[in-house]
Amino acid sequence: MARIVMKFGGTSVADPERIRNAAARVKREVEAGNEVAVVVSAMAGATNQLVAWCQEMSPLHDAREYDTVVATGEQVTSGLLAIALQHVGIEARSWQGWQIPIRTDGAHGKARIDAIEGAELIRRMRDLRQVAVVTGFQGLGPDHRVTTLGRGGSDTSAVALAAALAADRCDIYTDVEGVFTTDPRIVAKARKLDKIAYEEMLELASVGAKVLQTRSVELAMKEKVRVQVLSSFTDAPGTLVVDEDEIVEKALVAGIAYSRDEAKITIRRVPDRPGIAAAIFGPLAGAAINVDMIVQNVAADGTTDMTFTVPKADLPRAEATLAGIKDAIGYAEITADRDVAKVSVVGVGMRSHAGVASTMFRTLAEKGINIQVISTSEIKVSVLIGAEYIELAVRALHTAYGLDAA
Ligand code: ADP
Ligand code: ASP
Ligand code: MG
């Protein structure tokens, strides 16, 4: 007997038929003698619709009200899955974040989980054999209002719940059979990985592989939660996220990720003096905007051009913040480009082998793709390119690093 948290993503609960399919999988685990808690996402597309409605009401909407709106998607699926389970004879009860409670910080729209009160759920699991169906993505903030955890946040809800319940496993059911060498939807030759190291998964997630939310991997690594990614539509074995030393053959590049979520901002003719970067990035951080890649070109006339990327969704706020400090800083102008995308190659093998970056640059050059910004970390190289080249770039790199399936 094991204690398992099963998480079903949006496509796995997209309609009543799929919710019945998820219920059948839960039933199978319960009937095998396991204690099960479930975390659900909203139906596929539901959260996008809710976000779009907030945008339509006002592009610079109040984050508390955004959370009030977007948290509703998960409420629907938790209730429906509980009904589906009861219908097939499984004792089940739905729970929203505030009912457990799942306590978060007050960063509305991108809150972090602080604590989950697990005792009551454990009691019901153990004594009543009751399955808790918990809403992913949402929690309760210090202001006693509903918070949400950022897009893809149900993965994090699941891992946090698994840690709070001391679960033996956290199974993330999704619409692909595991973690692949790159997004199998754009590269047909992508290969499924049996195992991936926490560090690699963390880096891939943080640069755009949305199969797991970054924070969920961070948490799994810290709390030593055994995470498995697998399909809710087939019974194929999935991908285990494991410690690096459990992987015998370490590939130079484990995977390639891309992100269309970035926008590029250039601030032209900034005075080149000490403190200027702090004067720009301080207010952006204060507005909770995550700046990613940064380059600075020094001009001969004592000014500099500063280029960096921010999440596309944060671009209006970033522009507003920068407009507010124009006089204090004294730059000439700001330009923004939304037609950019970032492609990254990731692998722990890079720590001990040179040449990964040069292979990347050569491959892109051969395809005539211009590199706009570069950034690196110990196990990653990222480049910013024109959005129209992203699929071409990912496919070419996948081949160049020898990742194509036979
Ligand atoms: P869910 O709704 O189940 O949370 P997501 O859409 O958030 O599912 O994540 C699964 C998707 O992640 C897949 O459909 C796939 O297109 C995408 N993806 C991106 N990179 C990868 C990768 N390296 N391996 C597997 N899937 C990936
Ligand atoms: N429903 C939320 C989203 O679409 C959370 C999730 O699915 O993980 O971002
Ligand atoms: Mg997801």
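Our subject is the structure listed above.
Within each chain, residues carry numbers counting from 1 in the order of the written sequence. As a convention, the first chain written is A and the first ligand written is 1, with the rest following in written order. Restriction of local features to residues with pLDDT of at least 70 applies here, the model being predicted, together with a cutoff of 80 or more for giving and counting side-chain atom pairs; totals for whole chains, interfaces and linings are based on all residues. Think of the side-chain values as coming from all heavy atoms in the structure, minus any hydrogens and water.

*Asks:* Outline the overall build of the protein, supporting the account with residue identities and numerical values.
*Replies:* Each helix and strand in the protein was counted, giving 13 helices and 20 strands. Compactness check: the protein gives a C-alpha radius of gyration of 22 Å against a globular reference of 22 Å for 406 residues, within 12% of the reference. Overall, the protein is about 75 × 50 × 35 Å in size when its C-alpha atoms are taken along their principal axes. Burial classes: relative accessible area under 20% of the type maximum marks a residue as buried, over 50% as exposed, and values in between as partly exposed (1.4 Å probe, protein chains only). Within the protein, the fraction of its 406 residues that count as buried is 51%. What makes two residues a contact is simply this: any of their non-hydrogen atoms within 4.5 Å. At a minimum sequence separation of 6, the contacts of the protein that also span at least 24 residues come to 75%. We count a stretch as a helix when DSSP gives it H or I for four or more residues in a row; a strand needs E for two or more, and each element gets its number in order from the N terminus. Just to be clear, the radius of gyration here is over C-alpha atoms, and the globule rule we use is 2.2 Å times residues to the power 0.38.

*Asks:* An account of the packing of aromatic side chains is requested, with residue identities and associated values reported.
*Replies:* For Phe, Tyr and Trp, where Trp contributes only its six-membered ring, two rings pair if their centres lie within 6.5 Å, and the inter-plane angle classes them as stacked under 30 degrees, edge-to-face over 60, or tilted in between. For the structure on display, the rule yields two aromatic pairs. Taking the centre distance of 5.0 Å and the plane angle of 75° together, the rings of Phe281 and Phe308 count as edge-to-face. Taken together, the residues span a long stretch of sequence, with Phe281 in helix H9 (residues 276–286) and Phe308 in strand S16 (residues 303–311) at a distance of 27 residues. Phe281 sits in the buried class, given a relative accessible area of 16%. Phe308 gets classed as buried once you look at its relative accessible area, which sits at 0%.

*Asks:* Quick rundown of the layout of surface pockets? Include the residues and the values.
*Replies:* Within this scheme a cavity is a closed region of a 1 Å grid, computed over the protein atoms alone, that accommodates a 1.4 Å probe without allowing it to escape, whereas a pocket is open but has protein on both sides within 12 Å along at least five of seven lines; lining residues each have an atom within 4 Å of a point. Grid points are joined across faces, edges and corners, and a volume is the space filled by probe spheres set on the points. Of the voids in this model, the second largest pocket is the one considered here, and its volume is about 320 Å³. As for the second largest pocket, its lining consists of 20 residues, and the residues nearest its centre are Leu193, Lys195, Ile247, Glu249 and Ala251. With three residues, the top contributor of residues to the lining of the second largest pocket is strand S10 (residues 195–197).

*Asks:* Talk me through the side chain of Ser216; I want residue IDs and the actual numbers.
*Replies:* Take Ser216: it is sitting in helix H8 (residues 214–223). Classification of Ser216 as buried rests on a relative accessible area of 2%. Residues adjacent in sequence count toward polar contacts only when both atoms are side-chain atoms; beyond that, a polar contact is any pair of N or O atoms within 3.5 Å, and within protein one must be able to donate a hydrogen and the other to accept it. Within the structure, Ser216 has its side chain in polar contact with the backbone oxygen of Gln213 (distance 2.6 Å).

*Asks:* Describe the pattern of salt bridges, with residues and values.
*Replies:* Take a side-chain nitrogen of Lys or Arg and a carboxyl oxygen of Asp or Glu: if they are within 4 Å of each other, that pair is a salt bridge. All chains considered together, the criterion is met by 29 salt bridges. Note that Arg260 is salt-bridged to Glu391, the shortest N-O span being 3.4 Å. Within this pair, whereas Arg260 is found in the loop between strand S13 (255–259) and strand S14 (262–271), its partner Glu391 is found in helix H13 (residues 390–400), the two being separated by 131 residues in sequence. The shortest N-O distance in the salt bridge between Asp301 and Arg269 comes to 2.7 Å. With Asp301 in the loop between strand S15 (294–298) and S16 and Arg269 in strand S14, the pair connects residues that are 32 residues apart, well separated along the chain. Here Arg269 falls in the partly exposed class, since its relative accessible area comes to 44%. Overlapping salt bridges, with partners in common, bring together Arg25, Arg28 and Asp235 in one network.

*Asks:* An account of the site of ligand 2 is requested, with residue identities and associated values reported.
*Replies:* The environment of ligand 2 is made up of Ser41, Ala42, Thr47, Glu74, Phe137, Arg151, Gly152, Gly153 and Ser154. A distance of 2.6 Å separates a nitrogen atom of ligand 2 from a polar side-chain atom of Glu74. Here an oxygen atom of ligand 2 sits 3.0 Å away from a polar atom, N or O, in the main chain of Ser154. Under the convention used here, a 1.4 Å probe and the Shrake-Rupley method define accessible areas, while residue burial counts only the protein chains that appear. Expressed as a share of its isolated accessible area of 260 Å², the protein-covered part of ligand 2 is 87%. Only Asp, Glu, Lys and Arg are considered charged, only Ala, Val, Leu, Ile, Met, Phe, Trp, Tyr, Cys and Pro nonpolar, and every remaining residue, Gly among them, polar. Per-class residue counts for the shell around ligand 2 are two nonpolar, five polar and two charged. Being near a molecule or strand, for a residue, means having at least one of its heavy atoms within 4 Å of it.

*Asks:* If you had to explain the nonpolar core to someone new, which residues and values would you point to?
*Replies:* In terms of nonpolar packing, the biggest core is built from 45 residues, with Val5, Val134, Leu161, Cys170, Met201 and Val227 touching the most fellow members. Looking at this core, the element that brings in the most residues is helix H6 (residues 154–164), giving five residues. Core analysis: the next-biggest nonpolar cluster, separate from the first, contains 25 residues, Val176, Phe180, Ile385 and Leu403 among them. To form a nonpolar core, buried Ala, Val, Leu, Ile, Met, Phe, Trp, Tyr and Cys residues must be joined to one another through side-chain atoms within 4.5 Å.

*Asks:* Which residues make up empty space enclosed by the protein, and what values go with them?
*Replies:* Empty space among the atoms can be located by rolling a probe the size of a water molecule over them. In total, this model carries two cavities of 30 Å³ or more according to the counting rule given. The calculated volume of the largest cavity comes to roughly 40 Å³. As for the largest cavity, its lining consists of Val30, Asn34, Glu35, Val36, Met125, Arg129, Gln130 and Val131. Considered class by class, the residues forming the lining of the largest cavity number four nonpolar, two polar and two charged. When its volume is computed, the second largest cavity comes out at roughly 30 Å³. Taken together, Val159, Tyr198, Leu212, Ser216, Val217, Ala220, Val227 and Val241 make up the full set of residues lining the second largest cavity. Looking at the lining of the second largest cavity element by element, the count peaks at three residues for H8.

*Asks:* Could you give me a rundown of the environment of Gln296, with the residues and numbers involved?
*Replies:* Counting through the fold element by element, Gln296 comes out in strand S15. Accessibility expressed as a relative area gives 38% for Gln296, which makes it partly exposed. Spatially, the C-alpha atom of Gln296 lies 49 Å from that of Thr234, the residues being 62 residues apart in sequence. Ignoring anything within four residues of it in the chain, the contact list for Gln296 reads Asp272, Thr304, Asp305 and Met306. Here the side chain of Gln296 touches Thr304 through a polar contact of 3.5 Å, side chain to side chain.

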